[in-house]
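# Commentary on secondary and tertiary structure
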Amino acid sequence: ISGAGRSTMWYPFKKRKQKATPQQIGIALVEMISAVGKQQVEIQASLDFIEEQKRPAVFYEILLMQGFVNDYATFLAFGNKPIKDNILRCYYTALDAFARQDDIWHVYDAELRKRVMHYTTVLESRNMDDQYTLEFVGEVFAELCGEPQSLLLQTTGATEFGSRCAENIRFLYGFDITPN
């Protein structure tokens, strides 16, 4: 209930949502990937429980995971509503635009699409219950890091996925998304 017809004075603690278009949200999701990239030093330092020579590869998987999180969190936030498809179309269009302009983004975009398919295929094949999503994502993350049996990497993947997904959903819920 949005309080239709009532002034916001009736809901003094309800924060007003900012208006945004699917294109603006799509670009913001791409910027979230860029923000993770800019935190490389901090993130790698926080991975001090992982052997130093493995940290860059684990960081790269975290960076790729953010791309998947953008897709998955959008699905969680909007289900099968048309706005979800519109936002994801704009997100992938923005990724394509960056990929055409920059060789690094081009390589990232190609790898991201492989990861999204891989995570999605694994999650769909497990007929999973929501309570096991983090566990399955953690297992896929460890596999993609080259150590599928590593409980440390499985936990890292599950933790990163869970926190990033929650952050994305909070972000998406903060907007009143208007049609193009």
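The following refers to the structure shown. (Residues numbered from 1 in each chain as written. Predicted model: local features only at pLDDT ≥ 70, side-chain atom pairs only at ≥ 80, totals over all residues. Heavy atoms only, no water.)

## Some points on helix H3 (residues 55-78)
With 24 residues, H3 should reach 34 Å at 1.5 Å per residue; the first-to-last C-alpha distance of 34 Å fits that figure. Two residues or fewer past H3, Gly-79 is found with a positive phi of approximately 55°. (Helix = DSSP H or I, 4+ residues; strand = E, 2+ residues; numbered from the N terminus. Expected span 1.5 Å × (residues − 1).)

## Quick word on the nonpolar core
Counting residues in hydrophobic clusters, the biggest one holds 48 residues, and the most contacted among them are Ile-25, Val-58, Tyr-91, Leu-95, Phe-141 and Phe-161. Of all the secondary structure elements, the ones that give two or more residues to this core are helix H1 (22-38), H3, helix H4 (82-101), helix H5 (103-125), helix H6 (133-144), helix H7 (151-173) and strand E2 (175-177). A total of 12 residues in this core trace back to one element, the largest contributor, which is H3. Apart from the residues within four sequence positions on either side, Ile-25 is in contact with Ala-20, Ile-87, Phe-171, Leu-172, Phe-175 and Ile-177. (Core = buried A, V, L, I, M, F, W, Y, C linked by side-chain atoms within 4.5 Å. Buried < 20%, exposed > 50% of the residue type's maximum accessible area, 1.4 Å probe, protein only. Contact = heavy atoms within 4.5 Å.)

## Describing the packing of H6 against H7
Two elements in contact, H6 and H7, have axes whose closest approach is 7 Å; the angle formed by their N-to-C orientations is 125°. Taken as axis vectors, H6 and H7 run oblique relative to one another. The handedness of the crossing between H6 and H7 is right-handed. When H6 is examined against H7, the residues Thr-133, Leu-134, Val-137, Gly-138, Glu-139, Phe-141 and Ala-142 are found in contact with a partner set consisting of Leu-153, Gln-154, Thr-156, Gly-157, Ala-158, Phe-161 and Gly-162. The residue makeup of the contact of H6 with H7, split by class, is seven nonpolar, six polar and one charged. (Axes fitted to C-alpha atoms, helices over the stretch in contact; angles between N-to-C directions. Parallel < 35°, antiparallel > 145°, perpendicular 65-115°, else oblique. Left-handed = near helix turned anticlockwise from the far one by under 90°. Nonpolar A, V, L, I, M, F, W, Y, C, P; charged D, E, K, R; others polar.)

## As for the packing of aromatic side chains
All told, the structure shown has nine aromatic pairs when counted by the stated rule. When the centroid spacing of 6.5 Å and the interplanar angle of 45° are considered together, the rings of Tyr-72 and Phe-75 count as tilted. One end of the pair, Tyr-72, and the other, Phe-75, are both in helix H3, three residues apart, so they sit about a helical turn from each other. A centroid spacing of 5.6 Å and a plane angle of 80° characterise the contact between Trp-105 and Tyr-108, whose relative ring orientation is edge-to-face. In this pair, Trp-105 and Tyr-108 both sit in helix H5, three residues apart, roughly one turn of the helix. Taking the relative accessible area as the measure of exposure, Trp-105 reaches 15% and is therefore buried. With a relative accessible area of 4%, Tyr-108 lands in the buried category. (Phe/Tyr/Trp six-rings, centres within 6.5 Å; stacked < 30°, edge-to-face > 60°.)

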